[in-house]
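Notes for the structure review
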Amino acid sequence: MKNVSKIILSTVLVVSTFTACKKEDTGSNNGGGNQINVTQVQNALVVEPTATWCGPCGTYGRPATELAIEGNNKAVAIYAHLKAPSSDYPSQLGQDLAVIYGAANATGSSYSIPKIAVGNNITGAYTDLNYTANILKGWINTITAKTSNVNTKIEASISGNTLNVKTNTKFFSAGMDSFTYKVAIYVTEDNISGRQFMSSGSYQNITHNHVSRLCLSSNVAGDELMAGKPASGTVISKEFSGSIDAAWKKENLTVIAVIWRQKGNSLVFENVDKIDL
């Protein structure tokens with residue numbers, strides 16, 4: 001069995017070199033908003049740095065990820081399409097996520113894809129799709145079986161080409177460590193018909209889902225919710241606003257909110273929520 005990309009397991013992600021995503025943040029934080037019901041559910045974030053010109057991504061990466069997340073409503077996926085070297089769906093969000101997961105540098109002069117991450121676990125893609133999918137499923141199941149320490153819920157609306165997002169984040173556990181806790185807002189698009197290069201040496205037309213489009217937080221690591229040790233029951237609300245491309249189909253957009261905790265340059269996944277527009 002051929003290993004397309006050496007498997008890497010990681011519990012900490014380094015975020016000292018990524019570039020900022022687009023931001024149009026209102027900065028609202030009322031510290032106690034309760035308009036959104038936040039449930040104690042643990043979800044898993046699945047990120048695959050990819051590109052339409054990448055043959056192994058089309059043949060081994062994307063299909064394995066699709067197998068792993070199929071039918072699992074606790075798995076929230078993002079295909080992080082590179083901005084450099086440019087995919088057919090380039091985005092700064094895609095590039096910055098690739099940098100976080102060690103799949104590319106900020107300029108695109110160095111990259112190694114496909115990489116597939118679940119939370120803080122990272123693997124390459126094997127030629128045996130089921131083998132890769134089972135690795136991913138195992139990580140997803142391990143994460144989602146845990147009792148969540150923190151979760152967030154999203155409200156979102158579109159007026160013209162302006163996307164408005166509100167999150168309520170609730171901390172459930174009194175025993176959480178003292179870190180800086182952040183919320184990041186990402187936008188993805190589904191149901192895009194377009195080409196994908198395959199390892200066979202030719203392009204095929206496929207349907208691209210979970211395509212990275214936009215970051216509404218100040219950067220890919222998110223905006224600060226609080227610094228320190230959160231008290232159980234603490235609820236923090238934040239509001240974000242940004243412009244979406246007129247070419248994107250609004251009915252195919254998904255807003256994703258990721259909770260990260262950060263200490264120094266270490267960024268660790270906590271939880272994720274999504275809402276389809």
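Let me sum up the structure you'll find in this document. (Residues numbered from 1 in each chain as written. Predicted model: local features only at pLDDT ≥ 70, side-chain atom pairs only at ≥ 80, totals over all residues. Heavy atoms only, no water.)

Attention now goes to the overall build of the protein. Scanning the protein from terminus to terminus reveals 3 helices and 16 strands. Across the 277 residues that make up the protein, the buried fraction comes to 54%. (Helix = DSSP H or I, 4+ residues; strand = E, 2+ residues; numbered from the N terminus. Buried < 20%, exposed > 50% of the residue type's maximum accessible area, 1.4 Å probe, protein only.)

On to the packing of aromatic side chains, then. Applying the stated rule across the entire model yields 6 aromatic pairs. In this structure an aromatic cluster arises from ring pairing among Phe171, Phe179 and Tyr181. Note that Arg261 overlies the ring of Phe179, its terminal NZ or CZ placed 4.7 Å from the centroid. Directly above the aromatic system of Phe179 lies the positively charged group of Lys263, at a separation of 5.8 Å from the ring centroid. (Phe/Tyr/Trp six-rings, centres within 6.5 Å; stacked < 30°, edge-to-face > 60°. Lys NZ or Arg CZ within 6 Å of the ring centre and 35° of its normal.)

Considering all chains together, one arrives at 4 salt bridges under this definition. In this structure, Lys153 and Asp273 form a salt bridge, with 3.4 Å as the shortest nitrogen-oxygen distance. Taken together, the residues span a long stretch of sequence, with Lys153 in strand 7 (residues 150–159) and Asp273 in strand 16 (residues 266–276) at a distance of 120 residues. Asp273 sits in the buried class, given a relative accessible area of 8%. With its nearest N and O atoms 2.5 Å apart, the salt bridge here joins Arg261 to Glu270. (Salt bridge = Lys/Arg side-chain N within 4 Å of Asp/Glu carboxyl O.)

Let us look at unusual backbone geometry. The omega torsion of the bond from Ala84 to Pro85 falls at -15°, within 30 degrees of zero and hence cis. Mapped onto the fold, Pro85 is located in the loop between strand 4 (75–81) and helix 2 (92–100). Residue Ile113 is joined to Pro114 through a cis peptide bond whose omega torsion reads 5°. Here Pro114 shows up in the loop between helix 2 and strand 5 (116–118). Although it is not a glycine, Asn191 adopts a positive phi angle of roughly 60°.

In terms of nonpolar packing, the biggest core is built from 39 residues, with Leu45, Tyr186 and Trp260 touching the most fellow members. The biggest single contributor to this core is helix 3 (residues 129–144), with 6 residues. Among residues more than four places away in sequence, those in contact with Leu45 are Val76, Ile78, Tyr101, Ala117, Val118, Gly119, Val258, Trp260, Phe269 and Val272. Membership of the second largest hydrophobic core comes to 23 residues, among which are Leu163, Phe179, Val187 and Leu216. (Core = buried A, V, L, I, M, F, W, Y, C linked by side-chain atoms within 4.5 Å. Contact = heavy atoms within 4.5 Å.)

So, about the pairing of strand 8 (residues 162–171). With respect to burial, strand 8 is a largely interior element, 7 of its 10 residues being buried. Bridge count for strand 7 against strand 8 is 10 bridges, and the pairing is antiparallel. By the bridge assignment, Thr152 is partnered in strand 8 with Thr169. Counting the residues that bridge the hairpin from strand 7 to strand 8 gives 2 residues, and of these Gly160 lies at a positive phi of roughly 65°. Across 9 bridges, strand 8 lies against strand 14 (residues 235–243) in antiparallel orientation. Across the sheet, residue Thr162 finds its bridge partner in strand 14, namely Ser243. (Pairing = 2+ DSSP bridges.)

Scanning all chains against the criterion turns up 1 disulfide. Note that Cys54 is cross-linked by a disulfide to Cys57, the S-S spacing being 2.3 Å. Taking the torsion about the sulfur-sulfur bond, which here is approximately 80°, the covalent link between Cys54 and Cys57 counts as right-handed. No difference in accessibility class separates Cys54 from Cys57, as the two residues are buried. (Disulfide = S-S within 2.5 Å.)

Moving on, we come to the environment of Ile158. Take Ile158: it is sitting in strand 7. The partly exposed category is assigned to Ile158, whose relative accessible area is 29%. In the structure, Ile158 is positioned 86 residues away from Ile244 in sequence and 9.2 Å away in space, judged by C-alpha atoms. Leave out the neighbours within four places in its chain, and Ile158 touches Leu163, Ile244, Lys250 and Leu277.

Moving on to helix 2. Counting buried positions along helix 2 yields 8 of 9 residues, so the element is predominantly enclosed. Where helix 2 is concerned, the buried positions are Leu93, Gly94, Gln95, Asp96, Leu97, Ala98, Val99 and Ile100. Trailing helix 2 by a residue or two, Gly102 shows a phi angle of about 70°, which is positive.

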